[in-house]
Each structure stands twice: as structure tokens, then as C-alpha cells.
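Letter by letter, the chains look like this.
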Amino acid sequence: MITDGLKKKLAQVCLGLGLLLAYSYQAFATKNMLEPQIYQGTRQKVLAPYESLPDAFGNIELAVTDTSFPIAERFAKSLQKYQPGLNINLRSAPLTVLEHLWRKEPVSHAALLFTPMSKQETIDFTKTRGYQPTMLRIASDAITVIVNWHNPISHREVLLAELDAIFSEKKIRGHSRIHSWGQLGLTTFWQKRPVEAVAQVSNQSVSGHFRRVVLENSDYRRDIPYLDSSAQVIRRVSESVSAIGYIRSSQLNKTVKALTLTGRDEKYYINPTMSKIPITEDPLEFWLYLYLDHKPGFPLAMTMRALLRFCYSQEGQDILSDAGYMRVNKRIVTEDINKYGHAWP
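Residues numbered from 1 in each chain as written. Predicted model: local features only at pLDDT ≥ 70, side-chain atom pairs only at ≥ 80, totals over all residues. Heavy atoms only, no water.

(A) Molecular detail of the pairing of strand E4 (residues 134-148). E4 sits mainly inside the fold: 14 of its 15 residues count as buried. Taken together, the eight bridges between E4 and strand E13 (residues 285-292) define a ladder with antiparallel strand orientation. By the bridge assignment for E13, Leu-136 is matched with Leu-290. For E4 and strand E10 (residues 256-258), the ladder comprises three bridges, and the chain directions are antiparallel. Bridged to Asn-148 within E10 is Val-256. (Buried < 20%, exposed > 50% of the residue type's maximum accessible area, 1.4 Å probe, protein only. Helix = DSSP H or I, 4+ residues; strand = E, 2+ residues; numbered from the N terminus. Pairing = 2+ DSSP bridges.)

Spelled out as C-alpha cells, the structure:
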């Protein structure tokens, strides 16, 4: 015979099991709903294979930074297989590349940069040459802000001003300093838990773009640890529930969680769970630029034609894709070529 006391205990056990099952289902559903999908951009091979130019003989002086050097080195080796009469000299340069790129020598001049030229650099170039440099986009990537997988902050959008208040020394966007996750709306266990920001070393293209777009060129906080790569940031964030960092979107994996961001004026919206994002709506996207020293109205030198054709070929884009960058599509190629009045190389 079941007594009233036993019935009460059984009811409590059933209720507990029901709550446990409901919580487990909710956690499973939330994990699957929020499971990050990498913003891939275009990965399809949409550009034609490289075709050799029989008259491409001579030298190209290509200015590169530490970040773009590995790609440029592969470009040079691969292109010279198709164009044995073409000699590509790689000149390692700081982000201010004027001393290498604009030097008057009897060679073609170009630069491979993740950082666009500053206004002053463009002015200096124009004064020296009498025309502006040709800037062409040949690949892209984006920045994703990540937190630990157990962090519930993904239930709300995070403002760029809040990121500035976490990472910046001067807080140019005007938000008060953020020290704890409670200041971002988290409660219970998280309310007093400190926000542990992690940055990448300053010579990385990712770090420079994050500083320009999110911190509005302000300095990083002095107490923030700097790591050498997106892979190291992912490892640190996956090991610490309080950590927050930023990485190349192409390296996002399931060990961390991507945040959804909104701009200060809410004119754009960045959703990391979207498989495709219109280029104009993602301020955290950055480009790899090929700069050419070419006088408008004159035909491209054959050496320059070969380099440009290779960058926009299937083989050149394969090198960029293998390095984790997103290929450019035909629309981007057409826009940039037409902008400068170039015929297809």
C-alpha cells in the first residue's frame, strides 16, 4: 500500500526528473541553435585558370609586410612557373611603405597590404607621381568576437561601444569602463565575474583592423595580454569561462561561441550565425589589397598585367583560399577593374 508520504516523495522525484529533462532539452536546443556557422563568403572557384603572357619579361618590386609576406612568397614562386622571364623581388616593409613602393627605379612597383594606405600616404604618393595609386581587392576575411562556450552573453547583441569599453584604453566611443559580465547584463554566477579581454599582437592585420573599426584608432588597454594568432586566442577563450577575444572568422570553430554585434548607431548588424553577409553590412570585414603604381590613361606594363592576372586567376585565388581567406567574386573584380579604367589583364 502506497502511503501519502510515499506519494509525495514520488511526485517530487517525478517533478525533479521532468525539470532535468526540460533543462537538458533546452540546453541541447540552445547549443544547436547557437552553434556557430563560419562566415565563409565565396569559396567557389569562380575565376578562370591563369593564362601565360608571352611578353611578360622584367622585374616587379613587390612591397610586403610581415603579414602578407607568406602569401606574396607563394605568389612569386607560382607565377614564375608560368612566367619564367618575370622576376619578382619581395621587399619587406613596415605598414608605411612609401620608401619602397614609390622609389623611382626601372621596375614595376606594387604592394600587397592588409592595411589600406592612409590619407596622408595617398597625398604623398599623388604629390610624387601626379596621380593616385591603383588599389585592388584580391581577397577578404572578417573578424569575429568570441567568448567561452558556456558564456550566456549570446542571448543579447553587444554594442561596438561596449567592446571599446572592454578593450580600449581611452574609451573613445563614450561607454564607461566594463570590468564585469554583470555590466553586460549577466546575473547569478556571472554578475561579479571579471571580463578577461585577450588581444592579438599589434603587427597582425586582424589586430590593426579591430583597433581601427572598434576602438576607432584608440590604444588597447595596457593590462590586456597579447597573443600571436587567432588559434592562440581560441585556445585561451575555450579554457577560460570569463575570456573574450577576437579572431579571423575563417578560423572560428565549435570550441568557442561567436557574438552578435550591433553598431553604435545601429545602421548595421553583424550576425555570426548567418552563412552569408552582404559586404557593405559588415564593418569587421577586411581586405587584402594589391596596390599598383600605374599612371591612368596608359596601358598596364606586361609585368604588372601578369601579376594582376595571376591574383585574379583560379591559381592565385587557390593560394589565398588555402591560407584561409575568402576568394573575391566576379562582381568585385569587375568593380575594381572598371573603377580604374583598366582593360581585363
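(B) Structural detail: the nonpolar core. If you look at the biggest cluster of nonpolar residues, it comprises 78 residues, and the most contacted ones within it are Leu-62, Leu-112, Phe-167, Ile-244 and Leu-290. The element contributing the most residues to this core is E13, with seven residues. Among residues more than four places away in sequence, those in contact with Phe-167 are Ala-197, Val-198, Phe-210, Leu-215, Asp-219, Tyr-220, Arg-221, Ile-224, Ile-244, Gly-245 and Tyr-246. Within the second largest apolar cluster, 11 residues are counted, among which are Ile-146, Val-198, Ile-247 and Val-256. (Core = buried A, V, L, I, M, F, W, Y, C linked by side-chain atoms within 4.5 Å. Contact = heavy atoms within 4.5 Å.)

(C) Here's a closer look at the packing of aromatic side chains. Throughout the structure, instances matching the rule amount to 15 aromatic pairs. Aromatic side chains Tyr-220 and Tyr-246 sit 6.4 Å apart centroid to centroid with 20° between the ring planes, which places their arrangement in the stacked category. Separated by 26 residues along the polypeptide, Tyr-220 in the loop between helix H6 (205-213) and strand E8 (226-227) and Tyr-246 in strand E9 (residues 243-248) bring together distant segments of the chain. Looking at Tyr-246, the relative accessible area reads 0%, which means it is buried. Every member of this aromatic cluster is reached through a ring pair, and the members are Phe-167, Phe-210, Tyr-220, Tyr-226 and Tyr-246. (Phe/Tyr/Trp six-rings, centres within 6.5 Å; stacked < 30°, edge-to-face > 60°.)

On their own, these measurements won't tell you what the molecule is for.
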